[in-house]
Amino acid sequence: MAADYPDTASGAYRAVLQVIESVEPRIAAATRKELADQRDSLKLIASENYASLAVLLTMGSWLSDKYAEGTIGHRFYAGCQNVDTVEAVAAEHARELFGAPYAYVQPHSGIDANLVAYWAILATRVEAPGLADAGVKHVNDLSEADWEALRHKLGNQRLLGMSLDAGGHLTHGFRPNISGKMFHQRSYGTDPQTGLLDYDALAAAAREFKPLIIVAGYSAYPRRINFAAMREIADDVGATLMVDMAHFAGLVAGKVFTGDEDPVPHAHVTTTTTHKSLRGPRGGLILAQPEYADAVDKGCPMVLGGPLAHVMAAKAVALAEARQPAFQTYAKRIADNAKALAEGFLSRGARLVTGGTDNHIVLLDVTSFGLTGRQAESALLDAGVVTNRNSIPADPNGAWYTSGIRFGTPALTSRGFGAADFDRVAELVVDVLKNTQPAAGARGTSKAKYTLADGTAQRVRDAAAELLAANPLYPGLTL
Ligand code: DSN
C-alpha cells in the first residue's frame, strides 16, 4: 500500500470525528465502529478493497460543494476552474495508466458508467430512423416527436452479454435491468463441462444474433478473457466491443493482464469502477477510442447528475498511486494469492467453478458441502469471514439462495496477506463449511437455515484474529 502518513492521518481523523460527534454522535460512532469491524474481519468480498488514507482523506473536502455539470471548460455553472483542474488531472492519469486515447472520469458508479457507454454507442452508431430528411442524424439530436420514433427503433437494437449465472453483471443485459430493456438482449454462457468461456459458441451466437454491442467482462468469472479474440468476434459481425473491467481494472493497471488480456487496446469502449481491485474511491470511469469520445463526453447531463468533484479528486490520487511501481507488485500478489486460496480449497477437497482461478476471484461450489450459498454465507459471517453468496452456472438454487460463495483477494492483499495466509484462510473456510449443517425449515428443508457446530465460530475467529493482527489495516492509525 502507498505511504499512508499514519500520524498526520490519525490527527486528521480525530479532528473529523470530533466535529461529526458534535453534530450527530451516532454517525461518528458508526464511522468508528466500521473501522473496528473492518479491522476485525476477514474481508473476502471480491469487489471490495481498502483505499489508501490519501484517497479517503481526499474525499472529505469542500470540492464536494461545487456544482459542475458539463465538461472541462464547458460547464453549466460559473466558477468551475478548480473542478476543471481536478477532472483534467484525473483523466490524464487514467489515460496514461491504461494507455487510452480518451478518459471520462465523471461516472458516479459502474452502473452509471455502463449507461453512459450504452448511450454513447447508440449515439455514435445509430442513425435516427427515417429522419435524415429533417436533418437529424444522431439520437442526441432528436426532438420530442422523434423520441417516440426512437423508442420504437431502440427496441430493435441488440446486446449480447455474459449471463448472470456464468459470471456476467446485471447491466450486461439482465432482463430486470434497464440494459435488458433498452435492447433486445441475448446472453452467452460458459462451457457446461469446463465452466470456461467458449469463444466458438460465442462467435456462432454473434453471427446468428448480429448484436450492435457485445459486452465482455464479469463479476464472478474466475478466469481471464482473451480480448483480442473478443474483438475479432465483434468485428466479424460489425458489433461494438464494450468491456466492463470493473472487477479486474487493478490487474490491468498493475500489468498482470497484458497483450490480448488487456481490454483497453481491443475494446471500442471500456468501463470500470474505481473502488474494486483498482483500490480507489467509490465511482466509475470510461475509456474510449476517439470515435466514441464526443458521445461519452455528453454523459453529464445525458445520463449523469453533476460530477462529484471530491470523488474525481480522489480518483486522481488513486490513479496516481496505481501508476507507481508498487502497484504492479500489489496486482501480481492479488493473482498469486487467489491461486493460493484456490489451491488451499482444492487440496481440502472443495469444488471450484472452472477448477481454479487465474484472476482475483475464486468461486466455491458449496453444494459439495451440502449447503446453499445463503447458508454458507451466513455461517461464514458468524465466524467473522465476510463473503457473498453467488450463483454458479446452471445454479440449482436460483439467484437468491444460490449454490456458490465468491471469494476475492484484493482487500486482504492490501493488508499484506501472502500465499501462506491465504492457504490458512482456505483452511478456516473449510472448517466452517464442514461444521455447518443445513436445518429443516417450517415447510421442509430450508435453504436459509443452518446450524454451526459448537465452538466453530470462536475457533475460526481466534485463528483469523492472529492473521489479522499480523497484517493490520491502516497500521498506526489511532482514533
Ligand atoms: N456489486 C459488484 C460486485 O459485487 O461484483 C458488482 O456491481
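Residues numbered from 1 in each chain as written. Predicted model: local features only at pLDDT ≥ 70, side-chain atom pairs only at ≥ 80, totals over all residues. Heavy atoms only, no water.

Caption draft 1: How the structure looks around the UniProt feature "domain: Serine hydroxymethyltransferase-like" (unreviewed entry) in the chain. Here the UniProt feature "domain: Serine hydroxymethyltransferase-like" (unreviewed entry) sits at residues 21-125 and 156-428. The span residues 21-125 shows a helical share of 57% and a strand share of 9%, and its end C-alpha atoms are spaced 52 Å apart. Split by type, residues 156-428 is 40% helix and 17% strand. Its first and last C-alpha atoms lie 51 Å apart. (UniProt positions renumbered as here; feature names shortened; annotations may be inferred. Helix = DSSP H or I, 4+ residues; strand = E, 2+ residues; numbered from the N terminus.)

Caption draft 2: Layout of helix α4 (residues 81-98). With 18 residues, α4 should cover 26 Å at 1.5 Å per step; its first-to-last C-alpha distance of 26 Å lies within 8% of that length. The set of residues buried in α4 consists of V83, D84, V86, E87, A90, A91, H93, A94, L97 and F98. Of the surrounding secondary structure, the elements contacted by the buried residues of α4 are β2 (70-71), β3 (74-75), β4 (102-104), α10 (249-253), β10 (284-288) and α13 (309-322). Just downstream of α4, G99 is the residue with a positive phi angle, here 65°. (Expected span 1.5 Å × (residues − 1). Buried < 20%, exposed > 50% of the residue type's maximum accessible area, 1.4 Å probe, protein only. Contact = heavy atoms within 4.5 Å.)

Caption draft 3: Fine view of the site of the ligand. In the region of the ligand, the neighbouring residues are S47, H169, S219, H247, K276 and R406. Between the ligand and H247 there is a distance of 2.7 Å, counted from an oxygen atom to a side-chain nitrogen or oxygen. Computed on the free molecule, the ligand has an accessible area of 230 Å², of which 62% lies beneath the protein chains in the complex. Considered class by class, the residues forming the shell around the ligand number no nonpolar, 4 polar and 2 charged. (Near = heavy atom within 4 Å. Polar contact = N/O pair within 3.5 Å; in protein donor to acceptor, adjacent residues only side chain to side chain. Areas by Shrake-Rupley, 256 points an atom, 1.4 Å probe, with all protein chains shown as cover. Nonpolar A, V, L, I, M, F, W, Y, C, P; charged D, E, K, R; others polar.)

Caption draft 4: Focus on unusual backbone geometry. Between C300 and P301 the backbone carries a cis peptide bond, its omega angle lying at 10°. Mapped onto the secondary structure, P301 falls in helix α12 (residues 299-302). With phi around 60°, T402 is a residue other than glycine that occupies positive phi space. Tracing the backbone shows T402 in the loop between α16 (398-401) and β15 (404-408). Its identity is not glycine, yet Y474 carries a phi of approximately 50°, on the positive side.

Caption draft 5: Quick look at the packing of aromatic side chains. Under the criterion given, the structure shown has 9 aromatic pairs. With centroids separated by 5.1 Å and ring planes inclined at 10°, the aromatic side chains of Y67 and Y77 adopt a geometry described as stacked. Taken together, the residues Y67 in the loop between α3 (53-59) and β2 and Y77 in the loop between β3 and α4 connect sequence positions 10 residues apart. Assessed through its relative accessible area of 36%, Y77 is described here as partly exposed. Following the ring pairs from residue to residue traces out a cluster consisting of Y218, Y221, F227, F248 and F257. Geometry around Y50 places K43 over its ring, the cationic atom sitting 4.4 Å from the centre. (Phe/Tyr/Trp six-rings, centres within 6.5 Å; stacked < 30°, edge-to-face > 60°. Lys NZ or Arg CZ within 6 Å of the ring centre and 35° of its normal.)

Caption draft 6: Spatial organisation of the pattern of salt bridges. Considering all chains together, one arrives at 19 salt bridges under this definition. Two residues, R26 and E24, come together in a salt bridge whose shortest N-O distance is 2.8 Å. Looking at E24, the relative accessible area reads 25%, which means it is partly exposed. E96 is paired through a salt bridge with R323; the nearest N and O atoms lie 3.9 Å apart. With a gap of 227 residues between them, E96 in helix α4 and R323 in the loop between α13 and α14 (325-346) connect regions that are remote in the sequence. The class of R323 is partly exposed, set by a relative accessible area of 37%. Each of R348, D423, R424 and E427 takes part in one network of salt bridges that share partners. (Salt bridge = Lys/Arg side-chain N within 4 Å of Asp/Glu carboxyl O.)

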